[in-house]
Amino acid sequence: MIYNMYTNAFTEVYYILQNTDESLLNKIPNKFIQFIQNNMNRDYNVEIKKDFPIDKQPLLKETEAILSLIYRSYWATSDEKLEFANKDKQEFLEGNKNQNLKDIYEVFENRKNINNITINNNLMVIPKENFMKRLLNKIKRAFIHF
């Protein structure tokens, strides 16, 4: 089941695609267009004006995301796709770098806490018996069991 916000976005995307140049439409796979058509909300009223530039329209955020997906996947040139891939890679590496810093900080804090626990624990002193006492105790235990 697809959420209502996506069904409304599919309706807006379908409306935009219906008013798009045929050469651009031919670049989009039919299955993708059918998916949009099958999952759109037919009761949703689209407030897109044909005479207004698309970037000035009150589009849903989900609609903008789907349109950017269409552009990146089907309409972008090979140079643009390469540029998008490099930008994505850079953002991914920066995101992981920050995550690694968070992980290192957590490890440091956990070790600091472990050190505090170790320091706060008092060790129990076990008195050590001398050799003769241990020998006598073993002999006593041996006779007790017989």
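Residues numbered from 1 in each chain as written. Predicted model: local features only at pLDDT ≥ 70, side-chain atom pairs only at ≥ 80, totals over all residues. Heavy atoms only, no water.

**Observations regarding the overall build of the protein**
And then number 1: Across its full length, the protein holds six helices and zero strands.
And then number 2: A burial count over the protein gives 19% of its 146 residues as buried.
And then number 3: Of all intrachain contacts in the protein linking residues separated by at least 6 positions in sequence, the fraction that spans at least 24 positions is 70%.
And then number 4: For the protein, the accessible surface area stands at approximately 12,700 Å², while carbon and sulfur atoms represent 56% of it. (Helix = DSSP H or I, 4+ residues; strand = E, 2+ residues; numbered from the N terminus. Buried < 20%, exposed > 50% of the residue type's maximum accessible area, 1.4 Å probe, protein only. Contact = heavy atoms within 4.5 Å. Areas by Shrake-Rupley, 256 points an atom, 1.4 Å probe, with all protein chains shown as cover.)

**So, the nonpolar core**
As a rule of thumb, nonpolar side chains are buried together in soluble globular proteins.
And then number 1: By size, the foremost hydrophobic cluster in this structure holds 18 residues, and its most contacted members are Val13, Leu17, Ile28, Ile36, Ile66 and Ile70.
And then number 2: Those elements that place two or more of their residues in this core are helix H1 (4-18), helix H3 (30-39) and helix H4 (61-75).
And then number 3: Among the elements that make up this core, the one with the highest residue count is H1 (six residues).
And then number 4: Setting aside its immediate chain neighbours within four residues, Ile28 contacts Leu17, Ile33, Ile70, Tyr74 and Trp75. (Core = buried A, V, L, I, M, F, W, Y, C linked by side-chain atoms within 4.5 Å.)

**Focus on the environment of Asn130**
And then number 1: Mapped onto the fold, Asn130 is located in the loop between helix H5 (78-120) and helix H6 (131-145).
And then number 2: With relative accessibility at 45%, the residue Asn130 sits in the partly exposed group.
And then number 3: Within polar-contact distance, the side chain of Asn130 engages the backbone nitrogen of Lys133 at 2.9 Å. (Polar contact = N/O pair within 3.5 Å; in protein donor to acceptor, adjacent residues only side chain to side chain.)

**Quick notes on H4**
And then number 1: The terminal C-alpha atoms of H4 lie 20 Å apart, and with 15 residues this matches the ideal 21 Å at 1.5 Å per residue to within 8%.
And then number 2: Here H4 has its buried residues at Glu62, Thr63, Ile66, Leu67, Ile70 and Trp75. Taken around the axis of H4, the buried residues stretch over an arc of 140°, which confines them to a single face.
And then number 3: If you follow the buried residues of H4, they end up packed against H1, helix H2 (22-25) and H3. (Expected span 1.5 Å × (residues − 1). Arc of directions from axis to C-beta.)

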